[in-house]
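# Structural description and commentary
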Amino acid sequence: MTHSVSFVSLLFPHVTQLDLTGPVQLFSRLPGATIDLAWHRVEPVPTDSGFAILPTTTFADAPQATVLMVPGGQGAFDLMDDPVALDFVRKQAANARYVTSVCTGAFILGAAGLLIGKRATTHWASHPLLTLLGAVPEQARVVRDGNIITGGGVTSGIDFALTVAAEVYDEATARAVQLTMEYDPHPPFDAGSPARPEADQEQVHRALTDARTRRGPAIERAAAKLNRESRFGEAGL
């Protein structure tokens, strides 16, 4: 593939930076790729890691994405009450070849009404909450349903980006970037998901409870809004 491929990612305060920067690093190595990070304004946006990232464009000026990506983080749940951001996601998704998310960015896709009846994944701690937005949760590092590709939590973003690269380009190109980035994970511990033998099950329980408590209300508000919009649409109002 020699023509330009536009990767547009949402950027927002308190994004989990690796959700964003991991895939973007990989996408930037692809031939003909252009990368844009979109926010309301072109000004430094604080991440959850103590440093800021500068957007490259605004919602109003962003190019049409070939691949639209929404990263996650606690800030994603604040964004569910941002109608301008959600409208940007909907408009971009309407003409994007692929609509994608990493980690809890899936909830932004869900709040925009893009996951109804779709299989999707997200970070394990928030995974059960996907049903509130009409999605069909599937436990996997990467899930594809039509043109929607969702990645699991944080580090799953690299697996997700390789999957996207293979879809947009081809497997040979994806493998070449994997080799360039030396993506050959051999973690020193076997505690990377709740199902792994070294995972602390008390930590798992606390995280699931915390996600329901902190994130549930924002998701429920978004779900209620989707239900109202659906009823109005059916009534022709």
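Quick note: structure is the one above.
We now turn to the structure provided with this report. (Residues numbered from 1 in each chain as written. Predicted model: local features only at pLDDT ≥ 70, side-chain atom pairs only at ≥ 80, totals over all residues. Heavy atoms only, no water.)

Below, the discussion takes up the pattern of salt bridges. Within the structure shown, the criterion is met by 10 salt bridges. A salt bridge links D190 to R196; its shortest N-O distance comes to 2.8 Å. Owing to a relative accessible area of 38%, R196 belongs among the partly exposed residues under this scheme. One salt-bridge network, held together by shared partners, links R119, E138 and D145. (Salt bridge = Lys/Arg side-chain N within 4 Å of Asp/Glu carboxyl O. Buried < 20%, exposed > 50% of the residue type's maximum accessible area, 1.4 Å probe, protein only.)

An order of β5-β2-β1-β6-β7-β11-β10 is seen for the seven strands of this open sheet, with the pairing classed as mixed. Looking along the sheet, the strands with just one partner apiece sit at the ends: β5 (57–58) and β10 (142–145). As paired strands, strand β1 (residues 5–10) and strand β6 (residues 67–70) are joined by three bridges and run parallel to one another. Bridge assignment links V8 to a residue of β6, and that residue is L68. The sheet strands contacting helix α3 (residues 83–95) are β1, β2 (33–39), β6 and β7 (98–102), and the helix crosses β6 at an angle near 150°. (Pairing = 2+ DSSP bridges. Helix = DSSP H or I, 4+ residues; strand = E, 2+ residues; numbered from the N terminus. Contact = heavy atoms within 4.5 Å. Axes fitted to C-alpha atoms, helices over the stretch in contact; angles between N-to-C directions.)

All chains considered together, the criterion is met by five aromatic pairs. Ring geometry for F27 and F160: centres 6.4 Å apart, planes at 65°, overall edge-to-face. Separated by 133 residues along the polypeptide, F27 in helix α1 (residues 17–27) and F160 in helix α5 (residues 156–168) bring together distant segments of the chain. Where W39 meets F59, the ring centres are 5.8 Å apart and the plane angle is 80°; that geometry is what we call edge-to-face. Of this pair, W39 sits in strand β2 while F59 sits in the loop between β5 and β6, and the two are 20 residues apart along the sequence. Just as W39 is buried, F59 falls in that class too. (Phe/Tyr/Trp six-rings, centres within 6.5 Å; stacked < 30°, edge-to-face > 60°.)

Attention now moves to helix α6 (residues 171–180). Along an α-helix, a turn takes 3.6 residues, which lines up residues three or four apart on a common side. Three or more residues of α6 are buried, namely T173, A174 and V177. One side of α6 carries all its buried residues, which in axial view fall inside an arc of 100°. For α6, the exposed residues set more than 90 degrees away from the buried face come down to E171, R175 and L179. Along its buried surface, α6 packs onto α1 and α5. Measuring from the side-chain oxygen of the N-cap residue of α6 to the backbone nitrogen of A172 gives 3.2 Å; that N-cap residue is D170. Backbone geometry just downstream of α6 places E182 in the positive-phi region, at approximately 50°. (Arc of directions from axis to C-beta. Polar contact = N/O pair within 3.5 Å; in protein donor to acceptor, adjacent residues only side chain to side chain.)

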